[in-house]
Amino acid sequence: MKFSIIGTGNMAWFLAHRLTMSGHQCLAVYGRDDQKAQELAGSVNSTAVADLSDIKRLSQEAVILAVSDNAIKDLAGALASKDTVLIHTSGATEINALDVAPAHGVIWPVYSILKQQMPRHREIPCAIAGSDPHTLSIIRNLAHGFSDTVFEADDRQRQWLHLAAVIGNNFVNHLMVIDEMICDSQSLPFSVLQPILRQTFSRIQAEHPMALQTGPAVRNDEETIRKHLSLLGIRQEWQDVYRTMTASIRKLQHHTGSDKPAND
């Protein structure tokens, strides 16, 4: 399948490379930074173009917008064509952001993509959506170029999944930043925490996280909680995180399931 990529960030690099490796052909790359566009295009034996109109003139099945969410709508207006499927890669943006194009959809890898640590495996779940069955089949074909787990998800499902991914990835990583800063402040190696962190993520592959919850909040260990809050007095925002997390753990432990988001 022939496609073009709009964007030069992490997602653009990932899709351009993985789709090319799977047998698809990247005809062109467009980016605001011409040097970056040329770098990406050269790495996948493609061509960097300086004008969006050059993209529209190509004979291709799909144009992929691997750009920031706030750029999608404007670019869609400039690239809409009756002959090409227009695809965005956002988990939080509705499919109708592309409705200026007759055939449009979404391909969203549920994964943290970094250019310097580009994943080579296929364990990358991918949520897709399409404006019609034929368009969906084209998008599914592309998604299977890098993923063994491709599933349909409507706007609301993707937005909830995006929220869950932010909590599970970005928020957890922020907690690790705090952990590392605490260790550094006490001249302790952050590496001594890594075995218990690996244990945590290993366990949740086989058990429900709720069943694995431990710690002073579960034990109602008020003395330990007070000591922790006292130590965290050096950073008010860390105290706030600790208090909020402790309160949330206690509430869910005492009212299991009652705080799950509604489906409607």
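Data block above holds the structure.
Quick look at the structure, then. (Residues numbered from 1 in each chain as written. Predicted model: local features only at pLDDT ≥ 70, side-chain atom pairs only at ≥ 80, totals over all residues. Heavy atoms only, no water.)

## What about the overall build of the chain?
Here is step 1: The secondary structure content of the chain amounts to 11 helices and eight strands.
Here is step 2: When its C-alpha atoms are laid out on the principal axes, the chain stretches across 70 × 45 × 30 Å.
Here is step 3: In the chain, which comprises 264 residues, the proportion classed as buried is 36%.
Here is step 4: If you take every contact in the chain between residues at least 6 apart in sequence, the share linking residues at least 24 apart comes to 52%.
Here is step 5: For the chain, the accessible surface area stands at approximately 15,400 Å², while carbon and sulfur atoms represent 52% of it. (Helix = DSSP H or I, 4+ residues; strand = E, 2+ residues; numbered from the N terminus. Buried < 20%, exposed > 50% of the residue type's maximum accessible area, 1.4 Å probe, protein only. Contact = heavy atoms within 4.5 Å. Areas by Shrake-Rupley, 256 points an atom, 1.4 Å probe, with all protein chains shown as cover.)

## Section: unusual backbone geometry
Here is step 1: For Ser187, which is not glycine, the phi torsion reads 55° and is therefore positive.
Here is step 2: Here Asn220, not a glycine, exhibits a phi torsion of approximately 55°, which is positive.
Here is step 3: By the secondary structure assignment, Asn220 is in the loop between α9 (216-219) and α10 (222-231).

## Re the packing of aromatic side chains
Here is step 1: All chains considered together, the criterion is met by one aromatic pair.
Here is step 2: With centroids separated by 5.2 Å and ring planes inclined at 70°, the aromatic side chains of Phe14 and Phe146 adopt a geometry described as edge-to-face. With Phe14 in helix α1 (residues 10-21) and Phe146 in the loop between α5 (133-143) and β8 (150-152), this pair connects stretches of sequence that are 132 residues apart.
Here is step 3: Taking NZ or CZ as reference, Lys115 lies 4.0 Å from the ring centre of Trp13, over its face. (Phe/Tyr/Trp six-rings, centres within 6.5 Å; stacked < 30°, edge-to-face > 60°. Lys NZ or Arg CZ within 6 Å of the ring centre and 35° of its normal.)

## Brief notes about the pattern of salt bridges
Here is step 1: Scanning all chains against the criterion turns up 10 salt bridges.
Here is step 2: Ionic pairing is found between Arg122 and Asp148, a salt bridge with its closest N-O pair at 2.7 Å. Of this pair, Arg122 sits in the loop between β6 (104-109) and β7 (126-130) while Asp148 is found in the loop between α5 and β8, placing the two residues 26 residues apart along the sequence.
Here is step 3: In this structure Asp148 comes out as exposed when scored by relative accessible area, which is 53%. (Salt bridge = Lys/Arg side-chain N within 4 Å of Asp/Glu carboxyl O.)

## Focus: the sheet that holds strand β5 (residues 85-88)
Here is step 1: Here eight strands make up an open sheet; going across it, the order is β3-β2-β1-β4-β5-β6-β7-β8 and the pairing mixed. The two strands at the open ends of the sheet, each matched to only one other strand, are β3 (47-49) and β8. Sheet twist, expressed as the mean angle between neighbouring strand axes with direction ignored, is 25°.
Here is step 2: Pairing analysis gives three bridges linking strand β2 (residues 25-30) to β3, with the strands arranged parallel. Residue pairing in the sheet places Ala28 in a bridge with Thr47 of β3.
Here is step 3: α1 contacts β1 (2-6), β2, β4 (62-65) and β6 of the sheet and is inclined by roughly 165° relative to β1.
Here is step 4: Helix-sheet contacts for helix α4 (residues 72-79) involve β1, β4 and β5, and the interaxial angle to β4 is about 160°. (Pairing = 2+ DSSP bridges. Axes fitted to C-alpha atoms, helices over the stretch in contact; angles between N-to-C directions.)

## Topic: the environment of Asp34
Here is step 1: Topologically, Asp34 is positioned in helix α2 (residues 34-43).
Here is step 2: A polar contact is formed between the side chain of Asp34 and the side chain of Gln38, at a distance of 2.6 Å. (Polar contact = N/O pair within 3.5 Å; in protein donor to acceptor, adjacent residues only side chain to side chain.)

## Digging into the packing of α10 against helix α11 (residues 236-254)
Here is step 1: Contact pair α10 / α11: the axes reach a minimum separation of 10 Å and the direction vectors enclose 155°. On the basis of the axis angle, α10 is roughly antiparallel to α11. From α10, Glu222, Ile225, His228 and Leu229 reach across to α11, where they touch Gln239, Tyr242, Arg243, Thr246 and Arg250. (Parallel < 35°, antiparallel > 145°, perpendicular 65-115°, else oblique.)

## Re the nonpolar core
Here is step 1: Core analysis: the largest hydrophobic core is formed by 34 residues, its most contacted members being Ile5, Phe14, Leu15, Ile87, Ile107, Ile128 and Phe146.
Here is step 2: Elements that contribute at least two residues to this core include exactly β1, α1, β2, α2, β4, β5, β7 and α5.
Here is step 3: With sequence-adjacent residues up to four places away left out, Ile107 is seen in contact with Ile87, His88, Thr89, Cys126, Ala127, Ile128, Ile139, Leu142, Ala143 and Phe146. (Core = buried A, V, L, I, M, F, W, Y, C linked by side-chain atoms within 4.5 Å.)

## Regarding a nonpolar patch on the surface
Here is step 1: A grouping of Trp160, Leu163, Ile167 and Phe171 is seen on the molecular surface, where their side chains present a nonpolar patch of about 380 Å² in accessible area.
Here is step 2: Tracing the sequence through the fold places Ile167 in helix α6 (residues 155-185).
Here is step 3: The exposure class assigned to Ile167 is partly exposed, which follows from its relative accessible area of 42%. (Patch = residues over 30% accessible without salt bridge, like charges linked within 9 Å, V, L, I, M, F, W, Y side chains within 5 Å.)

## Re empty space enclosed by the protein
Remark: the empty space left among the atoms is shown by a probe the size of a water molecule rolled over them.
Here is step 1: On inspection of all chains with the given rule, the structure shows one cavity of 30 Å³ or more.
Here is step 2: Estimates place the volume of the largest cavity at around 30 Å³.
Here is step 3: Around the largest cavity sit Ile55, Lys56, Gln60, Val63, Leu79, Ser81 and Thr84, which together line it.
Here is step 4: Partitioned by chemical class, the residues of the lining of the largest cavity number three nonpolar, three polar and one charged. (1 Å grid on protein atoms, 1.4 Å probe; cavity = no way out; pocket = protein on both sides within 12 Å on 5 of 7 lines; lining within 4 Å. Points joined across faces, edges and corners; volume = space filled by probe spheres on them. Nonpolar A, V, L, I, M, F, W, Y, C, P; charged D, E, K, R; others polar.)

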